[in-house]
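# Understanding the architecture of this molecule
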Amino acid sequence: MTIPAELRGPNAHGQARWWAQLGFRTGEAASIGWMTKRNGWAITEAGIRALDDFEGTELYQEMVRQYRARRLPPQVRVYRDPRWSSVLQALERLEPGYWTTYGDLAALVGMSAQAVGGFMAESTDVGSAHRVLQSGGRISQQFRWPDPERTDDPREVLEKEGLTFDHAGRADPQRHITADRLRAMLAEDGVALPPVGGPQPPPPPDPTPAAFEQFQQNLQYARQLVDGGRNLERLAVGSFDVTDLYRAAWTQAVAALDHWVTREIVDRAVALALSPEVRRPPKFSNLSIPVELFERVHHHDEPLGDSFRAHLEKHFSFMTFQNPEKIKEGFAYVSTVNLWVKVAEVLTDQDARSPITADGVRTRLREIAWRRNNIAHTADHDPQRPGQKAPITAAEAEATIEWLEAMAIAIQQALGDPLPAMTPDAAGELRAAPVTAQAEPATGPRGKRAWDEPSFLQAVEEYCPAGVRDTLLAVYRHAESHPSFHEYYFGEGEYPSVTAWFNLGSDKASVWSIYTGPAKSVLAVNFGSIRSHGASRERMTRLAERLSVLPRSAHLRDQLESADYGKYPSFQPEALTRPEAREVIITALNEFLTGETPR
């Protein structure tokens, strides 16, 4: 593969361009399932098949094609400013063997050449882009084909169309179509140009890297900080604390994750908005938009994608996605996947020698976020050594960067493609994406509603006061992280409910249930079920004693013993809202499920 000349030198950050681009492509390969990253990069079986199926540059082209097919769903662009449509109509009349310039197109519609160049770099609708040259007739060094799969030389294409170039790379001036000629051609076809002389639109922004590419670029900056710290340590620089570079790298990596999660949520939400046939997660359907946005789209033909994206970016700009609970809540807008459970499965599949649970993923992420906050807010003070910073090494910072990258790749794979129902075609093996969005709860037998996790979580968010919600969610998330957890059963009824089943030795039992609704939400501990499935009286007695410290539960043990533990007592909101409630309940459940008494 020939490395283009513009990629051989460093970029503005001193980073080798080709190395960085190759790194981004590695991330794309992971996104489509050709590679994995946990404890180092590894190629998957799908990647090995791709190496056999696509030779040379075909491998790169197919990888880009699949990545873009998944990350950038097609959409119809509507141009509010009629001058952009005039530019496209002029280009349609530019025949093979002829050329024009950015300046000619700008003069035709009363814009700047910079605005036209930015528009053409951004738009995928420009069919004659290679026939637009610089003012001297040379091909722009920044030229890129609208189709990312095209790698052919634009000059060779122009020469095949009949255009000649001199020894200095300038196109034949006799084949130059000026602004006046373009104007006459449009007039001959009855195309009226919009008035010239109106306000200049700002030039379109430079194309922004895809979310995951930008994430990896930001992580690369963090790695450079670590490398810089190592170099300074070898030089024994004593004028400042070199380890502050490792702290800066740590903070940069967490910020990169935060930014990527925001962009990923927005990208997926826009893809859903532009695909009305796709079923939405309940939380997505509850997103609100201002009346002004509705009017701009409905009455003024403003593109839905652009307007909705701007609104979502503003909406999510006030949120931070560093804590695992916040990240899961954010992705619940665009997916019904049980995020951390699925991420743990992906990470474990990548390296079966180092299995990890959903609770392990969350714990690691909380520790990383806590350290970042300690660095940002207290200069990383060490609580054990007043006045001193907590120690940090280059290896620790580097391991954090690597883990965040592996986790982000696992999140992408856990969520699946932005839109479902993608199908293979002759060009390659696009894996069918799982249907990840659910509509309103389905109607079950006898008119009952069959609830699921997203609708249950949405109900907890809607109906529960903050304290009750926090306790119920803590108990709910504790279940999936426990080794003896078996499954959730979501109930059927007017309002959502969920029951958690656990393995109790040789049998399984429903240990607790959560019922939520507009009147109140409660947690029931199913003593009747665990008794009938083999739990010993001693274990049930200890569980009752631990829970009896909650408000209005002082006589819980006596009541259960009098009923031979055949009851299903419920803990009311006033008990659940207490700050210590979640710790009391989770500690009691842990002791009961393990069958051990803590020393």
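Heads up: the structure comes first, above all this text.
Residues numbered from 1 in each chain as written. Predicted model: local features only at pLDDT ≥ 70, side-chain atom pairs only at ≥ 80, totals over all residues. Heavy atoms only, no water.

The subject of this paragraph is the overall build of the protein chain. Broken down by element type, the protein chain carries 24 helices and 13 strands. By the burial criterion, 48% of the 599 residues in the protein chain qualify as buried. Surface exposure of the protein chain reaches about 30000 Å², of which carbon and sulfur atoms provide 52%. (Helix = DSSP H or I, 4+ residues; strand = E, 2+ residues; numbered from the N terminus. Buried < 20%, exposed > 50% of the residue type's maximum accessible area, 1.4 Å probe, protein only. Areas by Shrake-Rupley, 256 points an atom, 1.4 Å probe, with all protein chains shown as cover.)

Another point: the pattern of salt bridges. Within this structure, the stated rule accounts for 34 salt bridges. Asp 166 is the salt-bridge partner of Arg 170, the closest N and O atoms lying 2.9 Å from each other. For Glu 538, the salt bridge is made with Arg 542, and the minimal N-O distance between the two is 3.2 Å. Pair noted here: Glu 538 and Arg 542 are both in helix H21 (residues 537–547), with a separation of four residues, about one helical turn. The class for Arg 542 is buried, based on a relative accessible area of 11%. (Salt bridge = Lys/Arg side-chain N within 4 Å of Asp/Glu carboxyl O.)

An α-helical turn contains 3.6 residues, so a residue and the one three or four places further along point in the same direction. End to end, helix H19 (residues 466–481) covers 23 Å across 16 residues, agreeing with the expected 22 Å (1.5 Å per residue, within 8%). Along H19, 13 of the 16 residues are buried, which leaves the element largely enclosed by surrounding structure. (Expected span 1.5 Å × (residues − 1).)

Right, let's get into unusual backbone geometry. What is expected of a backbone is that most residues other than glycine have negative phi and most peptide bonds are trans. Within the chain, Ala 379 stands out as a residue other than glycine whose phi angle is a positive 60°. The topology assignment puts Ala 379 in the loop between helix H16 (358–378) and strand E5 (381–382). For Tyr 565, which is not glycine, the phi torsion reads 55° and is therefore positive. Mapped onto the fold, Tyr 565 is located in the loop between helix H22 (556–562) and strand E13 (570–571).

Bringing the packing of aromatic side chains into the picture now. Using the criterion set out here, one finds 14 aromatic pairs in the structure. The interplanar angle of 40° and the centroid separation of 5.4 Å between the aromatic rings of Phe 456 and Tyr 476 together place this pair among those described as tilted. Placement of Phe 456 in helix H18 (residues 453–463) and of Tyr 476 in helix H19 is noted, with a sequence separation of 20 residues between them. The class for Phe 456 is buried, based on a relative accessible area of 1%. (Phe/Tyr/Trp six-rings, centres within 6.5 Å; stacked < 30°, edge-to-face > 60°.)

Glancing now at the sheet that holds strand E11 (residues 507–515). Hydrogen bonds along the backbone pair up the strands of a sheet, which may run parallel or antiparallel. Here five strands make up an open sheet; going across it, the order is E9-E10-E11-E12-E13 and the pairing antiparallel. Each edge of the open sheet carries a strand with a single partner, namely strand E9 (485–490) and E13. (Pairing = 2+ DSSP bridges.)

With that settled, consider the packing of helix H14 (residues 324–331) against H16. Their axes nearest at 9 Å, the elements H14 and H16 cross at an angle of 115°. As judged from the angle between their axes, H14 and H16 are roughly perpendicular. In contact with Pro 324, Glu 325 and Ile 327 of H14, H16 contributes Arg 362, Leu 365 and Arg 366. (Axes fitted to C-alpha atoms, helices over the stretch in contact; angles between N-to-C directions. Parallel < 35°, antiparallel > 145°, perpendicular 65-115°, else oblique. Contact = heavy atoms within 4.5 Å.)

Here we take up the nonpolar core. If you look at the biggest cluster of nonpolar residues, it comprises 59 residues, and the most contacted ones within it are Trp 260, Phe 331, Trp 340, Val 343 and Met 407. Broken down by secondary-structure element, the contributors of at least two residues to this core are helix H9 (211–234), helix H10 (243–273), helix H13 (304–316), H14, helix H15 (339–350), H16 and helix H17 (394–415). The element that contributes the greatest number of residues to this core is H10, accounting for 15 residues. Filtering out sequence-adjacent residues up to four positions away, Val 343 remains in contact with Val 361, Met 407, Ala 410, Ile 411 and Ala 414. Among the nonpolar cores identified, the runner-up in size contains 44 residues, and Ala 509, Trp 512, Ala 575 and Ile 586 belong to it. (Core = buried A, V, L, I, M, F, W, Y, C linked by side-chain atoms within 4.5 Å.)

Residue alternation in strand E12 (residues 522–525) divides its side chains into two sets, Val 522 and Ala 524 and Leu 523 and Val 525, and both sets are buried. Two successive antiparallel strands, E11 and E12, enclose a turn made up of six residues. As judged from the two bridges shared by E12 and E13, these two strands associate in the antiparallel manner. From the neighbouring strand, Leu 523 faces E13, where its bridge partner is Phe 571.

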